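# Overview (structure and organization)
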Amino acid sequence: MNRKHLAILVTLILSTLPLAGCDDSPSAGATCGADQVRCDGICVDPLSDRAHCGAADPCDQNPGVTCEAGFSCEAGACRLSCPDDLVACDGTCVNPLTDRAHCGAADPCDQNPGVTCEAGFSCEAGACRLSCPDDLVACDGTCVNPLTDRAHCGAADPCDQNPGVACDAGLLCDGQGACEPTCAQDLVICDGACVNPLTDRAHCGAADPCDQNPGVACPAGFNCEDGSCVLLCQEDFVACGGRCVNPLTDRDFCGASDPCVQFPGETCGDGFICDDGACVLSCQEELVVCGGRCVNPLTDRDFCGASDPCFQFPGEVCGDGFVCNEGACDLSCQEELVVCGGLCVNPMTDRGFCGAGDPCDENPGEPCGDGFFCDGGACVLSCPVGLLACADTCVNPMTDRDFCGATDPCDLNPGEACTGDLICDGHGACALLCAPGLTDCADACVDLSDDPQNCGACGQACPDGQICHGGSCVWSGSCRDIQARTPTAPSGVYTVDPDGAGPGAPIPVFCDMVTDGGGWTLILHRIVDSDNLGQPDLDATRGVFDDGRTTNWQYDINLFWAGATEVVFADKENAPCAGCGIGAYDSAIHIPRPAAPAWSNACSSTSAAVTVRKLVGPSAGTTGTAYSCAATLGWGSCGGRVCHYGTHNSNTSSDGSWSGNAWAEMHFPSAYSSYRAYGDVNNPPSAWCRSCGGGLAVNLNSSSTCCQSSTYNARSRWTIWVR
C-alpha cells in the first residue's frame, strides 16, 4: 500500500469510543473553548465531532447525533466521507473517472452528476467510451470482428486509421480477415457473413445451417465466450454478482479474481474500505489507526500524541489521574482545583500554593509559613486553643509580657505590655512576682513541669519532637500533644510514643497541624484495589509507615483510642498524596470517636446516627447526620462483623447498599465484605468499583453509583486520622 493510499484511509470515517460500572460505578477541570461543548466529560466541537454532531450546550439535553460508519460531521451535519479522488453520489463513494453511472461527476454530485454510460460503454478518464472485447474492434460506433465482418474485413485498432476492406458482393470475410468466396474452417455462414459461433455475440453458439441453428444474441454488456453469453467487463474488472467490479476497491468483493465464483474475495465490514484488494480500517482526517480502531491522538489516553503509522509512533499511555490534552498527558483535576507542582491543589486551602490561579506557573499564589494555614486563599496565622494571634505570632496572653491579658481579636484587645521589672504573672496581669506554681525564667513566668524550653529547670530545653511532662523530657503521645506544646509546629513527620511508659517503642507518624485547627495523626493508609483481601481489622499494626503513601500500612488504632476524641476519613482518587495533609485529599469526613473503651469489629445490627462534618470536597463545611455501627468506625453487618469502613447515609445493615455516593458517605470494604474481591486487580479498572470517597466531584464520579466509566472510575486511596 503506498503512502497516498494510507493517507486516504485515515480520512474516511470517524470512530466513537464508548467508555464500567460497578454494583450498586481531554480536558476535565478545564474550560471549553467558545466554539466547543462539554459532552461525556470532554470538550468537543459540535461542527465536526462524529459522536455529538450538531450538539449544543447543555449536551445532556442537546447531544446531537452519532454519525454512522463512513460518515463524517461537517458543519454540524453527518455527511458521507470519501477519499480525495472519489465523489459522494447517491449515498456511496464513486470514482468519477471510471464509474458508469456517474461518469465525469464532480463535487457536489447533486449539481455535477456526470453522465450514465449506455450498455456496452465504459467510463474511461471521465468519458463514456465503447467497450469491446479484446478480439473485437470499435468501428462506426459498434464492436466488429475484423476476421469475419464484411464491412471491416481485416480491420485493426484504431478503426479510423485501420478500417480494413469492404468485401465485394458474393465474397465473405472468411474468418481470417480476408475476403473469400467461402468461410474458413469452424466458421458458420449466418446472415450472409462468416461468424465464429464460439465468440460471435449475434449468433453465440450457432451451428450449420445457421437458419436452423442461429444460436442466441448476447444482450448489451455481455460477450460470447466458448459459445455462451457472459458478462463483459473492462480490463482490471471482474464479473461478480451479475456486475463488473474493481477487486482493488469494491467492498463486497475485495481482492476477488476471475472466475469470481471460485475467488470472490472478502466483504469489508462497517468502517472498513477496500484498498489495493485488502479490507483496511478507514479513519477520517486527523484520526489515526491504533490498536484496531480509529483514535484521536490529541485526546486518546491510550495513544496520546500518536502519529501514522501507529505501530511506529504509538504516542504514550496517560496514567491514572491524567488526560490527553492536545497530544500530551496532563494532570486532570476536579473543578475548583489547580495543577501546581505536578499535583491537584485547592488554592483556597493549600499551604504551598495559597491563592493560586490557573495556570499555576503564572499564578502560583504564596506559600504559607510555619504556623500559618491557607483560609479562603489567604495565609492566616493558626493558633491552638489557649493562644492568640497577636502581631503575626501566637502568644499566651496569660504569660506574654507584650500582650499580657489580651483577648480575641488581639488587634482590638491587645492587653498591656509589662514594662520594667514587671512580668505577666500567668493569670494575664502584670506583676512583680509569678503566680504560685510558676517560675520566672528570663522575665517570663513558666511551669517547669510542662514547658519544653524550661523543662525541670530554666533553660533546660527538650530535644525536637519531645515534650515536657512532670519536669522530664518525653516523647509526645500524639500530634495533638506536640501542637499543644509547640503551637507553631508545622505539618510533617514526627516521632511519638502513644503508649508512653508502656513496652512499645516510639514510632514515626505524619502530623497535619493545619486542617480544622490541626493536631491530626495519620494512622492508616490503604489502596483499595491493591489486593482481594479487603481492609484488615484496625486493632493491629500492619506494614511499615510510608509517608510516600504508595503502600498499605496501619498502626493499631487502640494505641491512640483512649487519647482521641475525633476521627477523620480522608479519600484520594487516582493518585498518591505523598506528605500531604487532610486538606489535599479529594474528600474528608469528620466524626466523633465512638464512646467505647476500645475499637471492635462487631456489628450485629443496624447503625446508629452520628453527627458528621464534611471537611474537604463537595459540600465542604456541611454538618449533618450519617450512620455508623457501634465501635467499628464502619457500617453493615457481615456475619456479625463490620462490612465497610466509613459512614453511610442510612441505618442499613446490608453489605450491598453502597451506591448513593452522598456527601456524607464513605465506603471501603472490610475483610468480611463480599466486595473485597470485586473485579480483577490484574485487569484495571474492573476492581476500582469497590469503594466511594463521599460525594466525589464530577470528574471523579458523576453518577449515582460508585463508578461511572473507565475515564472517571474512583480508584480510592483511603486514610484514617485521629485527634
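So, here's what we can say about the structure. Starting from 1, residues in each chain are numbered consecutively following that chain's sequence as written. Totals for whole chains, interfaces and linings use every residue, but because this is a predicted model, local features are given only for residues with pLDDT of at least 70 and side-chain atom pairs only at 80 or more, for both listing and counting. To obtain the side-chain values, all non-hydrogen atoms of the structure were included, while hydrogens and water were left out.

### Details of the overall build of the protein
- Looking only at helices and strands, the protein features three helices and 48 strands.
- In this description the radius of gyration comes from C-alpha coordinates, and the expected globular size is given by 2.2 Å times residues to the power 0.38. What you see for the protein is a C-alpha radius of gyration of 43 Å, clearly larger than the 27 Å of a compact globule of 723 residues, by over 25%.
- Each principal axis of the C-alpha distribution contributes one length, and for the protein these read about 155 × 55 × 40 Å.
- For the protein, with 723 residues in total, the buried portion stands at 43%. A run of H or I in DSSP becomes a helix once it reaches four residues, and a run of E becomes a strand once it reaches two; helices and strands are each numbered from the N terminus. Relative accessibility thresholds used throughout: buried, under 20% of the residue-type maximum; exposed, over 50%; partly exposed, between the two (1.4 Å probe, protein chains only).

### With respect to the sheet that holds strand β47 (residues 668–669)
- Whether two strands pair comes down to DSSP finding at least two bridges between them. The sheet built from three strands is open, its strands ordered β45-β46-β47 with antiparallel pairing. Looking at which strands have only one partner, the edges of the open sheet turn out to be β45 (634–638) and β47.

### Remarks on the state of the cysteines
- Criterion for a disulfide: a pair of cysteine sulfur atoms within 2.5 Å. Applying the stated criterion across every chain, the model contains 39 disulfides.
- With its sulfur 2.0 Å from that of its partner, C67 forms a disulfide with C78. Handedness here is read from the sign of the S-S torsion; for C67 and C78, about -85°, the answer is left-handed. Separated by eleven residues along the polypeptide, C67 in the loop between β2 (42–44) and β3 (71–74) and C78 in strand β4 (residues 77–80) bring together distant segments of the chain.
- Its relative accessible area of 4% is what places C67 among the buried residues.
- The residue that forms a disulfide with C304 is C324, at a sulfur-sulfur distance of 2.1 Å. Judged by the sign of its S-S torsion, about 85°, the cystine formed by C304 and C324 is right-handed.

### Side note on the pairing of strand β7 (residues 121–124)
- Where β7 and strand β8 (residues 127–130) come together, four bridges link them in antiparallel fashion. Across the sheet, S122 pairs through a bridge with R129, a residue of β8.
- The turn linking β7 back onto β8 is made up of two residues, and A125 within it adopts a positive phi angle of 55°.

### Quick word on a negative patch on the surface
- On the surface, D134, D135, E225, D226, E235, D236 and D258 cluster together into a patch of negative charge.
- Within the secondary structure, E235 is located in the loop between β16 (228–231) and β17 (238–240). Nonpolar side chains (Val, Leu, Ile, Met, Phe, Trp, Tyr) are joined into patches within 5 Å and like charges within 9 Å, using only residues with over 30% relative accessible area and no salt bridge. To be clear on the numbers: accessible area is Shrake-Rupley with a 1.4 Å probe, and residue cover counts the displayed protein chains and nothing else. Basic side-chain nitrogens of Lys or Arg form a salt bridge, by our definition, when they fall within 4 Å of a carboxyl oxygen of Asp or Glu. In this count, Lys and Arg are taken as positive residues and Asp and Glu as negative ones, while His and the chain termini are left out. A single reference atom marks each charge: NZ on Lys, CZ on Arg, CG on Asp, CD on Glu.

### Quick notes on the pattern of salt bridges
- For the coordinates displayed, the defined rule picks out eleven salt bridges.
- One salt bridge in this structure joins R293 and D300, with 3.0 Å as the shortest N-O distance.
- For R293, a relative accessible area of 24% corresponds to the partly exposed category.
- Exposure remark for D300: the relative accessible area of 6% places this residue in the buried category.
- Two residues, D586 and K572, come together in a salt bridge whose shortest N-O distance is 3.8 Å. Here K572 lies in strand β41 (residues 566–573) and D586 lies in the loop between β41 and β42 (587–592), a separation of 14 residues in the sequence.
- Overall, D586 belongs to the buried group, its relative accessible area being 6%.

### Thoughts on the packing of aromatic side chains
- Stacked, edge-to-face and tilted labels apply to pairs of Phe, Tyr and Trp rings (six-membered ring for Trp) whose centres lie within 6.5 Å, assigned for plane angles under 30 degrees, over 60, and everything in between, in that order. Following the criterion strictly, the structure yields eight aromatic pairs and no others.
- Consider the rings of F668 and W718, whose centres lie 4.5 Å apart with planes at 10°: the pair is stacked. Of the two residues, F668 sits in strand β47 while W718 sits in strand β48 (residues 716–722), which places them 50 residues apart along the sequence.
- Residue F668 is classed as buried on the basis of its relative accessible area, which comes to 0%.
- Three or more aromatic residues joined by ring pairs make a cluster, and in this case those are F569, Y645, F668 and W718.
- Distance and angle both matter: a charge sits over a ring if NZ of Lys or CZ of Arg is within 6 Å of the ring centre and within 35 degrees of the ring normal. The ring of F510 has R549 lying over it, and the distance from NZ or CZ to the ring centre is 4.7 Å.

### What about the pairing of strand β19 (residues 272–275)?
- Bridge count between β19 and strand β20 (residues 278–281): four bridges; the pairing is antiparallel. Within β20, the residue paired with I273 across the bridge is V280.

### Thoughts on the environment of C692
- Structurally, C692 is set in the loop between β47 and β48.
- When the C-alpha positions of C692 and M348 are compared, they lie 24 Å apart, and in sequence the two are 344 residues distant.

### Description of empty space enclosed by the protein
- Here the largest cavity is characterised by a volume of approximately 50 Å³.
- Cavity and pocket criteria rest on a 1 Å grid covering protein atoms alone: a 1.4 Å probe that fits but cannot get out defines a cavity, protein on both sides within 12 Å along at least 5 of 7 lines defines an open pocket, and an atom within 4 Å of a point defines a lining residue. Along the walls of the largest cavity sit R351, G371, F372, S382, P487, A489, P490, S491, M513 and V514, which together make up its complete lining.
- Only Asp, Glu, Lys and Arg are considered charged, only Ala, Val, Leu, Ile, Met, Phe, Trp, Tyr, Cys and Pro nonpolar, and every remaining residue, Gly among them, polar. Among the residues making up the lining of the largest cavity, the classes are represented as six nonpolar, three polar and one charged.
- Grid points are joined across faces, edges and corners, and a volume is the space filled by probe spheres set on the points. In this structure, the second largest cavity spans a volume of roughly 30 Å³.
- For the second largest cavity, the full set of lining residues is I557, F560, W561, A564, V567, R593 and V722.
- For the lining of the second largest cavity, the class distribution of residues is six nonpolar, no polar and one charged.

### Side note on the environment of R690
- One can find R690 in the loop between β47 and β48.
- Relative accessible area serves as the criterion here: at 0%, R690 is assigned to the buried category.
- Remark: the alpha-carbon pair of R690 and A677, spanning 13 residues in sequence, is separated by 8.2 Å.

### So, the side chain of R50
- Along the chain, R50 turns up in the loop between β2 and β3.
- Among buried Asp, Glu, Lys and Arg side chains, R50 stands out as unpaired, with E68 the closest opposite charge at 8.1 Å.
- Two N or O atoms count as a polar contact when they lie within 3.5 Å, although within protein this holds only if one can serve as hydrogen donor and the other as acceptor, and sequence-adjacent residues are included solely when both atoms are side-chain atoms. Here F71 takes part through its backbone oxygen, which lies 2.7 Å from a polar atom of the side chain of R50.

### Digging into the side chain of E573
- Along the chain, the position of E573 falls in strand β41.
- Notably, E573 is buried but unbridged: the nearest opposite-charge side chain belongs to R717, and the N-O separation is 6.5 Å.

### Considerations on unusual backbone geometry
- Here the amide bond leading from D107 into P108 is cis, since omega sits at 5°, within 30 degrees of zero.
- With an omega of 0°, the peptide bond running from D358 to P359 counts as cis.
- Relative to the assigned elements, P359 resides in the loop between β26 (343–345) and β27 (372–375).
- Phi angles above zero are rare outside glycine, and D516 is one such case at about 55°.
- Relative to the helices and strands, D516 resides in the loop between β38 (507–512) and β39 (520–527).
- On the basis of relative accessible area, D516 is assigned to the partly exposed category, the value being 31%.

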